Amino acid sequence: MRTKANIKRKNKRIKDMPFFLRPREKLFAVGVKNLTDPELLAILLGTGSSKHNALLLSDKLLRKYPLNKFGTHMNEIVTIEGVGTAKAARIQAALELGERVFSPASIAKITIKNTKDILQQIRDIADKKQEYLVVLYLNARHELLLKEVVGVGSLNSMHITPKEIFSHAFKTPCASIIVIHNHPSNDPTPSDDDISFTRRIHEAGVVLAIPLIDHVIVCNSGYFSFRDHKSSK
């Protein structure tokens, strides 16, 4: 039976733990690769809550949210006692730095040849609860030059204009663009607004000589590609 004394002992402050068990000291003693996920997360958190020290809080978070899904649950994580916006921001920044360091973009040029390549670039927005509008800017060899989140919200409420999309194209040697957005409804079927929006961007691309290659709608249940749909007719 767990008594209050046992719980208190288990939740003692990290600075009261043996030196070799403290995450930060352990990192310098045995190397970062020898730390567990909770220990690494505890270092980012720095402190815990009144109920859990940083190590126990980290373990609690990782049991509830798998590490590879942390980014998609940040709105929930920030509300947990002991986390808050400052710590959540540190976690998100660390995840983004890791993604940038180990992303294919840091190793070699990314070439977008087909819909599968497009989906690889925007898999993180498929399960977002808001609509995200992402644009991929490609050079003449279809290499990815830039990936930008142009808007958040429904296409109708975002009021995104062709100018806002193509303004980024002029900052790079851009030869074409690909537009992607997600459907939180989990149905990738394009709406009338999606079709109208695609037509406007396509027409602007013709005028600017920066063609719209594709508009892809993604969600957890699948995707819809305007280019694939057109070619299948």
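Residues numbered from 1 in each chain as written. Predicted model: local features only at pLDDT ≥ 70, side-chain atom pairs only at ≥ 80, totals over all residues. Heavy atoms only, no water.

**Student:** Run through unusual backbone geometry, naming residues and quoting values.
**Tutor:** Of note in this structure, H142 is not a glycine but carries a positive phi near 65°. Within the secondary structure layout, H142 lies in the loop between β1 (132-138) and β2 (144-152). For H142, a relative accessible area of 34% gives the class partly exposed. For N186, which is not glycine, the phi dihedral falls at a positive 70°. (Helix = DSSP H or I, 4+ residues; strand = E, 2+ residues; numbered from the N terminus. Buried < 20%, exposed > 50% of the residue type's maximum accessible area, 1.4 Å probe, protein only.)

**Student:** Can you explain the pattern of salt bridges? Please cite residues and give values.
**Tutor:** For the structure on display, the rule yields 6 salt bridges. Among the salt bridges present, the one from K26 reaches E39, with a minimum N-O distance of 3.0 Å. Within this pair, whereas K26 is found in helix α2 (residues 23-30), its partner E39 is found in helix α3 (residues 37-45), the two being separated by 13 residues in sequence. The closest approach of N and O atoms between R63 and D59, which form a salt bridge, is 2.7 Å. Residue R63 and its partner D59 are located together in helix α4 (residues 54-64), separated by 4 residues, close to a single helical turn. Taking the relative accessible area as the measure of exposure, D59 reaches 26% and is therefore partly exposed. (Salt bridge = Lys/Arg side-chain N within 4 Å of Asp/Glu carboxyl O.)

**Student:** Provide a residue-level description of the pairing of strand β5 (residues 222-225), including the pertinent values.
**Tutor:** Bridge analysis of strand β4 (residues 212-219) against β5 gives 4 bridges, and the strand direction is antiparallel. In the strand pairing of β5, V218 is matched with Y223. (Pairing = 2+ DSSP bridges.)

**Student:** Please give an account of the sheet that holds β4 that cites residues and values.
**Tutor:** The pairing of strands in a sheet comes from backbone hydrogen bonds and takes either a parallel or an antiparallel form. Strands sit in the order β2-β1-β3-β4-β5 across an open sheet of 5 strands; the sheet is mixed. Both edges of this open sheet fall to β2 and β5, since each of them pairs with a single strand only. The mean angle between the axes of side-by-side strands here comes to 20°, regardless of whether they run parallel or antiparallel. Relative to β4, strand β3 (residues 176-182) runs parallel, the two being bridged by 6 bridges. Counted as the bridge partner of N182 is V218 from β4. (Axes fitted to C-alpha atoms, helices over the stretch in contact; angles between N-to-C directions.)

**Student:** Account for the layout of surface pockets, naming residues and giving values.
**Tutor:** In this structure, the second largest pocket spans a volume of roughly 430 Å³. In this structure, the second largest pocket is lined by 15 residues; those nearest its centre are T198, H202, F226, R227 and K230. Every element with two or more residues in the lining of the second largest pocket is listed here: α10 (192-208), β4 and α11 (226-231). Here the residues of the lining of the second largest pocket are counted per class, giving 6 nonpolar, 4 polar and 5 charged. (1 Å grid on protein atoms, 1.4 Å probe; cavity = no way out; pocket = protein on both sides within 12 Å on 5 of 7 lines; lining within 4 Å. Points joined across faces, edges and corners; volume = space filled by probe spheres on them. Nonpolar A, V, L, I, M, F, W, Y, C, P; charged D, E, K, R; others polar.)

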